[in-house]
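Close look at the chain arrangement
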Amino acid sequence: KKYAHNVPGKIPQSWRDDDDDKKPKKKGTKYMLGAKTPREFGRRLGCCMAVLVIFLQLFRVYLKHRIEIKRAEQEAWIANAQRFHSENHTCHTRTHPPVQACSPLKCGRVVIEDFITKDECSQIISLAEFGMVNGGSSGGATIMDLPSGALSYGNQFINLHQILKKKHEHLPEDATLILKSVMSRVRHEVSDFFGAKQIMGTSPRFISRMDQKPAQTTHDEYWHEHVDSNQYPGFEYTALLYLNDQGEDYTGGKFSFIDPYRDGNGDLQIGEPKVSTIKPQCGRLIFFTSGSENVHKVHKVETGTRYALTVAFTCDGAKVMTGPAAEWDPE
């Protein structure tokens, strides 16, 4: 009887580990995860591990996605920092009373890269050449002010709109629409930066063509240091948009701000002024408050031809463009 269970081909019941699920657990034996047997515990542990692996994979995907977003945001910030540069300067005293939501609460200057495309630059230059072929200064600076129609001609100005009317011609429509769109975008950029929602367009608002020809009149002497609000009473904000590239299309013709010398505390001192020079490039936009906090000049063009667009804004109702000229101040 002692060996009766050793029947050939038959496994003793006590050796059968695969029947653990059927064996009642010993009193006092406990398994984790609420399992009653080792096998059940193993199955539940395996399920938990699988869920954990899936969770870790999903979390890994999420982290990778967040890292990519952060990297893109950082790259965009760096690109924007390279594209946009601003400096605040103390506003000099104005002789006219301030106008709410128009007069500057802060003064300064801004440079924005790639404000318009190369195609837009080319379209505006073609519009300038279409009009300037009817005139042209005898000196080195030809001005075409489309709101008023004023066009340099020899040592004087003629009216481009009247000339085109006599010739039964019109300004190229596509290029004109592009120019108006660009002017509107400049307006919004200036308005947003200075918080001046009530700015109004003023004249002159012109395309300039500069070359190396010697000056014939004071209008041709563009290279002197000056303050826009002194030269053009009513100017409150000035924007300059360059249409071709210095160094490739012409030499000379750079733009400089001239600031008085200040010590480490920001106090005015006798000394060499600080000169900040900007190289014109197609699509590069500069705008600034037009007061004496922003003295500036254009360097003489040495070779080639320089094109730029000047757009100005005022807070003086008497200087606002009206009538047909108002169409050149799109909002």
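Scroll up to find the structure.
Residues numbered from 1 in each chain as written. Predicted model: local features only at pLDDT ≥ 70, side-chain atom pairs only at ≥ 80, totals over all residues. Heavy atoms only, no water.

1. Some words on the sheet that holds strand 11 (residues 274–278)
Ordered in space as 11-10-13, the three strands form an open sheet in which the pairing is antiparallel. Looking along the sheet, the strands with just one partner apiece sit at the ends: strand 11 and strand 13 (296–298). Strand after strand, the sheet turns through a mean of 20° between neighbouring axes, direction not considered. Here strand 10 (residues 255–259) runs beside strand 13; their pairing, made up of three bridges, is antiparallel. For F255, the partnering residue across the bridge sits in strand 13 and is V298. (Pairing = 2+ DSSP bridges. Helix = DSSP H or I, 4+ residues; strand = E, 2+ residues; numbered from the N terminus. Axes fitted to C-alpha atoms, helices over the stretch in contact; angles between N-to-C directions.)

2. Re a nonpolar patch on the surface
A cluster of nonpolar side chains, contributed by L45, M49, L52, F55, L56, F59, Y62, L63 and I67, occupies part of the molecular surface with about 860 Å² of accessible area. Inspection of the secondary structure assignment puts L52 in helix 1 (residues 38–83). Accessibility expressed as a relative area gives 43% for L52, which makes it partly exposed. (Patch = residues over 30% accessible without salt bridge, like charges linked within 9 Å, V, L, I, M, F, W, Y side chains within 5 Å. Areas by Shrake-Rupley, 256 points an atom, 1.4 Å probe, with all protein chains shown as cover. Salt bridge = Lys/Arg side-chain N within 4 Å of Asp/Glu carboxyl O. Buried < 20%, exposed > 50% of the residue type's maximum accessible area, 1.4 Å probe, protein only.)

3. Remarks on the state of the cysteines
On inspection of all chains with the given rule, the structure shows three disulfides. Across the disulfide from C91 sits C107; the S-S distance is 1.9 Å. Disulfide C91-C107: the torsion about the S-S bond is 110°, which places it as right-handed. With C91 in the loop between strand 1 (84–89) and strand 2 (107–112) and C107 in strand 2, this residue pair connects regions lying 16 residues apart in the sequence. Assessed through its relative accessible area of 31%, C91 is described here as partly exposed. Paired by a disulfide, C121 and C282 hold their sulfur atoms 2.3 Å apart. Given an S-S torsion of about 105°, the disulfide between C121 and C282 has right-handed geometry. Remark: C282 occurs in the loop between strand 11 and strand 12 (285–289) and C121 occurs in helix 2 (residues 118–132); sequence separation between them is 161 residues. The same class applies to C121 and to C282, which are both buried. In the protein, the bonded cysteines, numbered by position in the sequence, are linked as 1-3, 2-6, 4-5. Sulfur of C47: no disulfide; nearest cysteine sulfur belongs to C48 and is 6.9 Å away. A relative accessible area of 52% places C47 in the exposed class. (Disulfide = S-S within 2.5 Å.)

4. Notes on the pairing of strand 6 (residues 156–159)
Pairing geometry for strand 5 (residues 150–154) and strand 6, over four bridges, is antiparallel. Its bridge partner lying in strand 6, L151 is registered against I158. Hairpin remark: strand 5 followed by strand 6, antiparallel, with one residue in the connecting loop.

5. Some details on helix 2
With 15 residues, helix 2 ought to run about 21 Å at 1.5 Å a step, and its terminal C-alpha atoms sit 21 Å apart, in line with that. Restricting attention to buried positions, one finds in helix 2 the residues E120, C121, I124, I125, L127, A128, G131 and M132. Viewed along the axis of helix 2, the buried residues span an arc of 155°, placing them on a single side of the element. (Expected span 1.5 Å × (residues − 1). Arc of directions from axis to C-beta.)

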